[in-house]
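Fold and geometry: a report
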Amino acid sequence: MSDRFVYHCTLRWSDLDAYGHVNNARFLTLYEEARVALMFSGGRAWGVGSFAEGVVIARHEIDYVRPVDYALARATAEAAPTVRIELWVEEIRRAAFTIAYELYDGDVLASRARSVLVPYDLAEKRLRRLSDAERTFLENYALPPVREPA
């Protein structure tokens, strides 16, 4: 089963910049929430809890396609507006893997991103290789890279 992991992330008032858009730096926080849901909650559901014991970011890259408003029209009395983040594993190596993301504001693509992650042994304070269980879990979300339009 190779499929995208889908996460609906609630926007916070503090995510906004002076123009009423989600601040560009906050996109990293939104992507982090989705990544943590995949690796920690999703991983544990698959019987893989080791990601919570240590993974570090080696690289981030983000392309901003359009601004994201707080969209009060999409809010209710019970819930703030949300964005949808779809993520998948683009590459798996022995000691690193790449997560790719797309962030949607409603049905409109607002941003694409990638993060290179490295398993890390917090007790030994050193990088480590992916375990067989981690690799198998990641392969469930492995998809080829998305070609961006020219």
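**Section: the nonpolar core**
Counting 31 residues, the largest nonpolar core has Ile-85 and Leu-103 as its most contacted members. The element best represented in this core is helix α1 (residues 26–45), accounting for seven residues. If sequence neighbours within four positions are ignored, Ile-85 has contacts with Phe-5, Val-6, Tyr-7, Cys-9, Leu-30, Tyr-31, Ala-34, Tyr-101, Glu-102 and Leu-103.

**Considering the packing of aromatic side chains**
Each aromatic ring pair is characterised by the separation of its centres together with the angle its planes make. Across all of its chains, the model carries six aromatic pairs by this definition. Residues Phe-27 and Tyr-64 carry aromatic rings whose centres are separated by 5.1 Å and whose planes lie at 90 degrees to one another, so their mutual orientation is edge-to-face. Here the residue Phe-27 occupies a position in helix α1, and Tyr-64 occupies one in strand β2 (residues 55–64), the gap between them amounting to 37 residues. Among the residues examined, Phe-27 registers a relative accessible area of 3% and is labelled buried. With a centroid separation of 4.5 Å and an interplanar angle of 40 degrees, the aromatic rings of Tyr-31 and Tyr-101 are classed as tilted. Taken together, the positions of Tyr-31 in helix α1 and Tyr-101 in strand β4 (residues 97–105) put the pair 70 residues apart, joining distant regions of the chain.

**Observations concerning the pattern of salt bridges**
Per the stated rule, a full pass over the model turns up 12 salt bridges. In this structure, the salt-bridge partner of Glu-61 is Arg-59, at a minimum N-O distance of 3.0 Å. Salt bridges linked by common partners bring Arg-4, Arg-84, Glu-86, Glu-102 and Arg-112 together as one network.

**Some details on helix α2 (residues 132–139)**
Where α2 is concerned, the buried positions are Glu-134, Phe-137 and Leu-138. Seen along its axis, α2 keeps its buried residues to an arc of 95 degrees; they face one direction. Buried residues belonging to α2 abut α1, β3 (82–92) and β4.

Analysis parameters
- Residues numbered from 1 in each chain as written.
- Predicted model: local features only at pLDDT ≥ 70, side-chain atom pairs only at ≥ 80, totals over all residues.
- Heavy atoms only, no water.
- Core = buried A, V, L, I, M, F, W, Y, C linked by side-chain atoms within 4.5 Å.
- Buried < 20%, exposed > 50% of the residue type's maximum accessible area, 1.4 Å probe, protein only.
- Helix = DSSP H or I, 4+ residues; strand = E, 2+ residues; numbered from the N terminus.
- Contact = heavy atoms within 4.5 Å.
- Phe/Tyr/Trp six-rings, centres within 6.5 Å; stacked < 30°, edge-to-face > 60°.
- Salt bridge = Lys/Arg side-chain N within 4 Å of Asp/Glu carboxyl O.
- Arc of directions from axis to C-beta.

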